[in-house]
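Chain and residue survey
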Amino acid sequence: MSTAEKRPDDVPSDGARVEEALRLLCGAPVGLEVAVKRLSRGSGVYAWWADPSVLPDLPGPPNDSDPSLRLLYVGRATSLRGRILRNHLRRSGSSTLRRTLAGLLVSEGYRTTWTDRVVLVPADETRLTAWMSAHLRLTWAEDAEPTTIEAELVRRLRPPLNVHGVAPEHVQAAVVAAKNSYNASSRPADPPQGP
């Protein structure tokens, strides 16, 4: 057996992987300027954190390392770097987090348009990225099979911006309303009427 091979008893159990991910996700969050330099291309899970004054009506658990921050969202990625940089920090069309934030920040006047789905107009994509950089922090944990641990992490942490995987009694009505409002903000053009 080569040194690169692992015996089945060397492979961590799902429970051990969840505990390790929890340890790393609840560690000290970093700003996005630091995260973009450190994020790997490997798969894993990630968590977004913010000061309680950011979206104050959505309580999330405090961070273990920095109790002045609270959890907002947990997700998974086949490429942590790609998911954060290309989706969450750039395109509302491929980021549930961005769409939810835009819906929650509707009073800030975020504008949408219809492509093949509802997306922010380019100027507001840029504005939302700047808002995220100013207000949010990030933690992450590499994991070879993040799909197998994400549901347990969401169930245990109950991040307020997650809807799927959260027990019904912990789903935030304001988040569901924000998602619905965002999705209804633009729609495809009506087809031309016949003669």
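Everything that follows concerns the structure shown earlier in this document.
Quick look at the structure, then.

Criteria and cut-off values
Within each chain, residue numbers correspond to sequence positions counted from 1 in written order. The predicted origin of the model limits local features to residues at a pLDDT of at least 70 and limits the giving and counting of side-chain atom pairs to 80 or more, whereas totals for whole chains, interfaces and linings rest on all residues. Values shown for side chains rest on all heavy atoms present in the structure; no hydrogens or waters enter the calculation. Here a strand is any run of E in DSSP of at least two residues, a helix any run of H or I of at least four, and the numbering for each starts at the N terminus. Note on classification: 1.4 Å probe, protein chains only; a residue is buried when its accessible area is under 20% of the maximum for its type, exposed when over 50%, partly exposed between these limits. Residue contacts are counted whenever heavy atoms from the two residues lie within 4.5 Å of one another. All axes here are fitted lines through C-alpha atoms, helices being fitted over the stretch that makes contact, and every angle between N-to-C directions spans 0 to 180 degrees. The scheme is simple: roughly parallel for angles under 35 degrees, roughly antiparallel for over 145, roughly perpendicular for 65 to 115, oblique for anything else. The hand of a helix crossing depends on one turn: near helix anticlockwise from the far one by less than a right angle means left-handed, and clockwise means right-handed. Expected helix span is given by 1.5 Å per residue-to-residue step, counting one fewer step than there are residues. By construction, the arc corresponds to the directions joining the helix axis to the C-beta atoms. Salt bridge, as applied in this entry: a Lys or Arg side-chain nitrogen positioned within 4 Å of an Asp or Glu carboxyl oxygen. Here a patch means residues that are over 30% exposed by relative accessible area and free of salt bridges, tied together within 9 Å if like-charged and within 5 Å if nonpolar (Val, Leu, Ile, Met, Phe, Trp, Tyr). The accessible surface values rely on the Shrake-Rupley method and a 1.4 Å probe; as for residues, cover is taken only from the protein chains in view. For this count, His and the chain ends are skipped, Lys and Arg are scored as positive, and Asp and Glu as negative. Charge positions are represented by NZ for Lys, CZ for Arg, CG for Asp and CD for Glu.

Right, let's get into the overall build of the protein chain. The number of helices and strands found in the protein chain is seven helices and five strands. Going from the N terminus to the C terminus, the protein chain shows its helices and strands as α-α-β-β-α-α-β-β-α-β-α-α. Referenced to the eigenvectors of the C-alpha coordinate spread, the extents of the protein chain come out at roughly 75 × 40 × 35 Å. With 195 residues in all, the protein chain has 46% of them scored as buried. Looking at the protein chain alone, contacts between residues at least 24 apart form 70% of all its contacts between residues at least 6 apart.

Here Trp 131 is to be found in helix H5 (residues 122-135). Along the backbone, Trp 131 and Leu 120 are 11 residues apart, and their C-alpha atoms lie at a distance of 14 Å. Among residues more than four places away in sequence, those in contact with Trp 131 are Val 54, Leu 101, Leu 105, Tyr 110 and Leu 136.

In contact at an axis separation of 10 Å, helix H1 (residues 14-25) and helix H6 (residues 147-157) are set at 55° when each is read in the N-to-C sense. Taken as axis vectors, H1 and H6 run oblique relative to one another. Crossing angle aside, the handedness with which H1 passes H6 is right-handed. Between H1 and H6, the contacting residues are Asp 14, Arg 17, Val 18, Glu 19, Ala 21, Leu 22 and Leu 25 on the first element and Thr 148, Ile 149, Glu 152, Leu 153, Arg 156 and Leu 157 on the second.

Here we come to H1. In this model, H1 (12 residues) spans 16 Å end to end at C-alpha, consistent with the 16 Å of a helix rising 1.5 Å per residue. Those residues of H1 that sit buried are Arg 17, Val 18, Ala 21, Leu 22 and Leu 25. Buried residues of H1, seen end-on, are gathered within an arc of 135° and therefore sit on one face of the element. The elements touched by buried residues of H1 are strand E1 (44-50), strand E5 (136-142) and H6.

On to the pattern of salt bridges. Inspection of every chain in the model, using the stated rule, returns 11 salt bridges. A salt bridge links Glu 125 to Arg 98, with the nearest nitrogen and oxygen atoms 2.8 Å apart. Residue Glu 125 is found in helix H5, and its partner Arg 98 is found in helix H4 (residues 96-104); the two are separated by 27 residues along the sequence. Note that Arg 155 and Glu 152 form a salt bridge whose closest N and O atoms lie 2.7 Å from each other. One end of the pair, Arg 155, and the other, Glu 152, are both in helix H6, three residues apart, so they sit about a helical turn from each other. The network of salt bridges with common partners includes Glu 19, Glu 152, Arg 155 and Arg 156.

Another point: unusual backbone geometry. Among all residues except glycine, the phi angle is most often negative; among peptide bonds, the trans geometry is most common. Positive phi outside glycine occurs at Leu 55, with the angle close to 50°. Exposure remark for Leu 55: the relative accessible area of 12% places this residue in the buried category.

Now for the packing of H4 against helix H7 (residues 173-184). Interhelical geometry of H4 versus H7 gives an angle of 95° and a closest axis separation of 8 Å. Of the possible angle classes, the one that applies to H4 and H7 is roughly perpendicular. Here H4 contributes Thr 96, Arg 99, Thr 100, Ala 102, Gly 103 and Leu 104 to the contact with H7, which in turn contributes Ala 174, Val 175, Ala 178, Lys 179 and Tyr 182.

Once that is clear, we can look at a positive patch on the surface. On the surface, Arg 41, Arg 86, Arg 90 and Arg 91 cluster together to form a positively charged patch. With respect to the helices and strands, the residue Arg 41 is situated in the loop between helix H2 (32-38) and E1. For Arg 41, a relative accessible area of 65% gives the class exposed.

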